[in-house]
2 protein chains.
Amino acid sequence: MTDSWATFGTDLHVELRGSGLRSGLMDALREAVRTGRLTPGTRLPSSRSLAVDLGIARNTVADAYAELVAEGWLTALQGSGTRVARRAAPRKPQAGVVRARPPHRRPTYSLHAGTPDLASFPRAEWLKAARRALTAAPHEAFGYGDSRGRIELRTVLADYLARARGVYADPERIVICSGFVHGLMLMGKVLRQRRVREVAVESYGLDVHWNLLTEAGLRTPALPFDGLGSQTGELAALRAVGAVLMTPAHQFPMGVPLHPDRRAAAVDWARGSGGLILEDDYDGEFRYDRQPVGALQGLDPERVVYMGTASKSLAPGLRLAWMVLPEELVGEVIEAKGSVDWVSSALDQLTLAEFIASGAYDRHVRGMRLRYRRRRDQLVRVLAERAPDIRVSGIAAGLHAVLELPPGTEGSVIQAAAWQGLAVEGVSRFRHKDAPTGRDALVVGYATPADSGWAGALDALCRALP
Amino acid sequence: MTDSWATFGTDLHVELRGSGLRSGLMDALREAVRTGRLTPGTRLPSSRSLAVDLGIARNTVADAYAELVAEGWLTALQGSGTRVARRAAPRKPQAGVVRARPPHRRPTYSLHAGTPDLASFPRAEWLKAARRALTAAPHEAFGYGDSRGRIELRTVLADYLARARGVYADPERIVICSGFVHGLMLMGKVLRQRRVREVAVESYGLDVHWNLLTEAGLRTPALPFDGLGSQTGELAALRAVGAVLMTPAHQFPMGVPLHPDRRAAAVDWARGSGGLILEDDYDGEFRYDRQPVGALQGLDPERVVYMGTASKSLAPGLRLAWMVLPEELVGEVIEAKGSVDWVSSALDQLTLAEFIASGAYDRHVRGMRLRYRRRRDQLVRVLAERAPDIRVSGIAAGLHAVLELPPGTEGSVIQAAAWQGLAVEGVSRFRHKDAPTGRDALVVGYATPADSGWAGALDALCRALP
């Protein structure tokens, strides 16, 4: 193929053949369209550009274009340039290519936990920030960057996290990553290199996280759990444990904040044993009541790895998260991060820095907090009316609630919800294999639907409940 | 710390104490500034917002703000809100935090290969595309995405690669990654899982790439190299080799295109042995002369993994690259990619899709091609005048040239360049340990300097040459 194609027209693989230049160009273009190399709608270079590239007169190209337009191969519209005509031979459809996710009927509503209301992404404000950030960026920002992430973002985050989450932060100990899982993978690598064999986890959480630690060669025993949160007092008995992964501000998915005594016990353990606490502060921005649930990291910045994300406060599509590291870990995490390929887009990092510095982030979080609180209140009110026997918990903060179900009904309620077109998950999906079987419950992500789908989702939920 | 801080003022860790609400708030704010929790320049919430959060009268907050402004703790500027005053207690400087890259004296000029002219990043056009892309994006674009990358970008890339690089592409077999290294890491994982033990590489290339394969558990024997490129005929003799990593369009860094016979031999080997060719098409867009150097992938899309990137054509800071996979590999690569955390920013992906679809990408590449060609011509002309004994090669394409040096002078020329304030690398830096010692040479990345630094870099280079 390569040998038979000339690259005349540097962006356009066409071969000049035949006697006349014009007819040669026309033949080559027709052939390119016929074989699907040039697909319908593709814009051709301007006649001037192509003429320069081919080293022929502009008129020759312009004439060839004009004839092909006349023949119906190309179209020429004012302001839109010359394009391959829509009805020109389309690419043959391909059969049998593996699809990542087989298409399946999507439910009408989803109350899966873990996603914010995507319809509320502040597009206009984000674009404003992007414009200011890109205009102000130094040239080097477009190059291969510092593997910790842009200094502009780390500086702004240090201030923000100190102010909003009580985190002891310094730009030098912040590392930007492309999501919580990325950060956890880095920590898994670092812990393994430190010869840690076990990382304690909570009795409830995400198997994706546990599996990631397992893949890094770490065992993941679960801490017992009760109404005050994870029993961190048990850490001392787990002799092979070198770190513990937790969601202290708002246990995921059970929703309780870790009791102050349990916080103290975790920090005491870390200090006494030289262990580390990995603090997953996934939705720390969203607190609706006045409990003082600052980040655990403030208690001991040298023993806690604080991990935050823009996935809940803004959108997962940004792929931006951050770690605030104990000083002694900074070098090891950078080493684990390795290549610049794990750095997030510099443009998005600069935009987020500007977005936070301008106050737009605070405004957005404040606005979303009001929306989510309203939804939470509606959820509680509607349940009180339509399903008064259901106990709701975990609602002081975050984007989801736990609805306790009668024993043995979890599976059937989820099935009933599916019949109502509603996707919702049960608490058993989040239970660690070490944990004793607990109560049946639903984990309801009330932030997930767009406003337009919220009432319908709530109604479907109530219909499915016993 | 947590227990002593109340979270009154949801974004602002202040503790109300003392008798009066106003004086309590003032004390808390003073304390927050004094201890560095609120740093100079930080913008405070509006009095209305804070009052709502604290459940107190707006006037109380407004009065407290006003008094603190009067005392010099805060500043209030029209349009900029209330902020912590610049002269308020600064955060204590921290000593001893590990720095990722120790500061060192930067050379005045760099002719390192591998970076495009960052000053030419099309900021305004990119912002236009971002605006269109964000305005048109469906809500789900902001969520956790398809691990292959956004379909909009894969669709546009399929057309572009077919048209500009002769690649047989289909959106279903394209996977977006965050750089060539990311793609190579995925391929290393897939090959290892297929029980491949060795990946042949070229005698010249980047040790970062070789090391990455080694880390994946693969040995990397080097193919012999001559004026026609890598001797792919030798592949048949390497029985443990299951894949070969190559830069067929423009060998990096030697600059020769792989000879047609060698291309054919590589494809024959892959077909006969079931092996794979990993085609690193890092600067395929930049060809200045008329040799037909289309992508090798067109010869056999089922045996070649095509890998392209925006790092040379636009900017490395975008962290966007793409793989076009043989059909049978798609599932395995998606599996290896695993978590959504390895997906690039959805916003940048959508913007690039729009940038390409609108024709801006072609215009940019065309413009850069003219600039780089002009630089190449200047380099050749200046060398002919000032260092007529130096042979220049590898200049038909790409962003760098190879300058042959008298035997034994490579190290001293690089040192002499450093004295001129010029950073430049020798070819030995890119030589595989299996490869025989070759000629002394410099690898000159003529795209790297901004226009303002180009003449100076060229002059420094000439001064350093023997």
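Reading the values: the criteria
Residues numbered from 1 in each chain as written. Chains lettered and ligands numbered in written order. Predicted model: local features only at pLDDT ≥ 70, side-chain atom pairs only at ≥ 80, totals over all residues. Heavy atoms only, no water. Helix = DSSP H or I, 4+ residues; strand = E, 2+ residues; numbered from the N terminus. Buried < 20%, exposed > 50% of the residue type's maximum accessible area, 1.4 Å probe, protein only. Areas by Shrake-Rupley, 256 points an atom, 1.4 Å probe, with all protein chains shown as cover. Domains from an automatic or database assignment. Contact = heavy atoms within 4.5 Å. Pairing = 2+ DSSP bridges. Axes fitted to C-alpha atoms, helices over the stretch in contact; angles between N-to-C directions. Salt bridge = Lys/Arg side-chain N within 4 Å of Asp/Glu carboxyl O. Parallel < 35°, antiparallel > 145°, perpendicular 65-115°, else oblique. Nonpolar A, V, L, I, M, F, W, Y, C, P; charged D, E, K, R; others polar. Disulfide = S-S within 2.5 Å. Core = buried A, V, L, I, M, F, W, Y, C linked by side-chain atoms within 4.5 Å. Right-handed = clockwise from strand over helix to strand, strands pointing away. Lys, Arg positive; Asp, Glu negative; His and termini not counted. Polar contact = N/O pair within 3.5 Å; in protein donor to acceptor, adjacent residues only side chain to side chain. pLDDT = per-residue confidence, 0-100. Phe/Tyr/Trp six-rings, centres within 6.5 Å; stacked < 30°, edge-to-face > 60°. Lys NZ or Arg CZ within 6 Å of the ring centre and 35° of its normal.

## Quick word on the overall build of chain A
For chain A, the count of helices and strands is 13 helices and 17 strands. Out of the 466 residues belonging to chain A, those deemed buried represent 60%. As displayed, chain A has an accessible area near 18200 Å², and 52% of this comes from carbon and sulfur atoms.

## Things to note about the domain arrangement of chain A
Parsing chain A into structural domains produces domain 1 (15-84), domain 2 (109-116 + 363-464) and domain 3 (121-359). In this structure, domain 1 of chain A and domain 3 of chain A have C-alpha centres spaced 54 Å apart.

## As for the side chain of Asp281 of chain A
Note that Asp281 of chain A resides in the loop between strand E10 (276-280) and strand E11 (304-309). Sequence-distant contacts of Asp281 of chain A, defined by excluding residues within four places in its chain, comprise Arg165, Ala249, Tyr306, Met307 and Gly308 of chain A.

## Side note on unusual backbone geometry
With an omega of 5°, the peptide bond between Phe252 of chain A and Pro253 of chain A qualifies as cis. Assignment of secondary structure puts Pro253 of chain A in the loop between strand E9 (241-246) and helix H8 (260-273). A positive phi angle, near 70°, is found at Arg195 of chain B, a position not held by glycine. We classify Arg195 of chain B as exposed; its relative accessible area is 70%.

## Details of the sheet that holds strand E5 (residues 198-202) of chain A
All names here are of chain A. As summarised here, the arrangement of the seven strands in space is E4-E12-E11-E10-E9-E5-E6, forming an open sheet in which the pairing is mixed. Each having just a single partner strand, strand E4 (174-177) and strand E6 (222-223) make up the two edges of the open sheet. Here helix H6 (residues 180-193) sits on the sheet and contacts E4, E5, E9, E10, E11 and strand E12 (321-324); the angle it forms with E10, its principal contact strand, is near 170°. Contacts between H8 and the sheet are confined to E9 and E10, with E10 contributing the most and set at about 140° to the helix.

## Quick notes on the sheet that holds strand E14 (residues 400-404) of chain A
Residues and elements named next belong to chain A. Read across the sheet, four strands follow the order E13-E14-E17-E16 without closing on themselves; strand pairing throughout is antiparallel. Two strands close off the open sheet at either side, each with one partner strand: strand E13 (391-393) and strand E16 (425-426). In the sheet, E16 pairs with strand E17 (residues 441-445) via two bridges, with the strands oriented antiparallel. Opposite Glu425, over in E17, you have Val443 as the bridge partner.

## A word on the pattern of salt bridges
Residue and element names in this part refer to chain A. Counted by the stated rule, this structure contains 60 salt bridges over all chains. For Arg173, the salt bridge identified is with Glu327, shortest N-O distance 3.7 Å. Here Arg173, found in the loop between helix H5 (151-165) and E4, pairs with Glu327, found in the loop between E12 and helix H9 (330-337); they are 154 residues apart in sequence, far enough to count as distant. On the basis of relative accessible area, Glu327 is assigned to the partly exposed category, the value being 22%. The residue Arg463 makes a salt bridge to Asp459 at a minimum N-O spacing of 2.9 Å. On the criterion of helical spacing, the pair formed by Arg463 and Asp459 is a turn pair, its members being four residues apart in helix H13 (residues 451-464).

## A few points about the packing of helix H10 (residues 346-357) of chain A against helix H11 (residues 360-386) of chain A
Residue and element names in this part refer to chain A. In the contact formed by H10 and H11, the axes pass within 4 Å of each other and the chain directions differ by 75°. The angle between H10 and H11 falls in the class roughly perpendicular. Residue-level contacts link Leu352, Phe355 and Ile356 of H10 to Ala360, Tyr361 and His364 of H11. Split by residue class, the contact of H10 with H11 holds five nonpolar, one polar and no charged.

## Concerning the state of the cysteines
What the rule picks out here adds up to zero disulfides over all chains. Note on Cys177 of chain B: no disulfide assigned, nearest cysteine sulfur contributed by Cys177 of chain A at a separation of 19 Å.

## Some points on the nonpolar core
Within soluble globular proteins, side chains that are nonpolar tend to cluster in buried spots. Ranked by internal contacts, the top residues of the largest apolar core, which has 72 residues, are Trp322 and Leu465 of chain B. The biggest single contributor to this core is helix H11 (residues 360-386) of chain B, with eight residues. Membership of the second largest hydrophobic core comes to 71 residues, among which are Val156, Ala401 and Leu461 of chain A together with Ala133 of chain B.

## With respect to the pairing of strand E5 (residues 198-202) of chain B
Residue and element names in this part refer to chain B. Burial runs high along E5: five of the five residues are buried. Direction of pairing for E5 relative to strand E9 (residues 241-246): parallel, over a ladder of three bridges. Following the sheet pairing, Glu198 is matched in E9 by Val241. Where E5 lies against strand E6 (residues 222-223), two bridges are found, and the strand directions are parallel. Along E6, the bridge assignment pairs Val201 with Ala222. On the question of chirality, the crossover connecting E5 to the parallel E6 by way of helix H7 (residues 207-215) is right-handed.

## Things to note about helix H2 (residues 47-54) of chain A
Owing to its 3.6 residues per turn, the α-helix aligns residues three or four sequence positions apart on the same side. Residues and elements named next belong to chain A. Taking burial as the measure, the eight residues of H2 include six buried ones, the bulk of the element. Considered for burial, the residues of H2 that qualify are Ser47, Ser49, Leu50, Ala51, Asp53 and Leu54. A positive phi of about 70° marks Gly55, the residue just after H2.

## Brief notes about the side chain of Glu202 of chain B
All names here are of chain B. Structurally, the position occupied by Glu202 is in strand E5. The side chain of Glu202 sits in the buried core without any salt bridge; Arg262 is the nearest counter-charge, 8.7 Å away. Looking at Glu202, its side chain comes within polar contact range of the side chain of Gln251, at 3.3 Å. Discounting residues that sit within four places of it in the chain, Glu202 has contacts with Trp210, Ala222, Leu223, Ser230, Leu245, Met246, Thr247, Gln251 and His432.

## Describing the confidence of the model for chain A
Residues and elements named next belong to chain A. When pLDDT is averaged along chain A, the result is 87; 89% of the residues meet or exceed 70. This stretch, residues 1-10, has a pLDDT under 50; its non-local contacts, to residues over four places away or in other chains, come to 35 contacts. Complex prediction metrics read pTM 0.80 and ipTM 0.78.

## Details of the packing of aromatic side chains
The full count for this structure, using the stated rule, is 18 aromatic pairs over all chains. When the centroid spacing of 5.6 Å and the interplanar angle of 90° are considered together, the rings of Phe252 of chain A and Phe430 of chain A count as edge-to-face. Of this pair, Phe252 of chain A sits in the loop between E9 and H8 while Phe430 of chain A is found in the loop between E16 and E17, placing the two residues 178 residues apart along the sequence. Residue Phe252 of chain A is classed as buried on the basis of its relative accessible area of 11%. Between Phe252 of chain B and Tyr282 of chain B, the aromatic rings sit 5.4 Å apart at their centres with planes inclined by 85°, giving edge-to-face as the arrangement. Of this pair, Phe252 of chain B sits in the loop between E9 and helix H8 (260-273) while Tyr282 of chain B is found in the loop between strand E10 (276-280) and strand E11 (304-309), placing the two residues 30 residues apart along the sequence. Neither residue differs from the other here; Phe252 of chain B and Tyr282 of chain B are each classed as buried. Of note, Arg429 of chain A hangs over the ring of Phe430 of chain A, and the distance from its end group to the ring centre comes to 5.1 Å.

## Remarks on the environment of Gly274 of chain A
Residue and element names in this part refer to chain A. Looking at the secondary structure, you find Gly274 in the loop between H8 and E10. A relative accessible area of 40% places Gly274 in the partly exposed class. Taking the C-alpha atoms as reference points, Gly274 and Glu302, separated by 28 residues in sequence, lie 10.0 Å from one another. Ignoring sequence-local partners within four residues, the contact set of Gly274 consists of Trp269 and Arg303.

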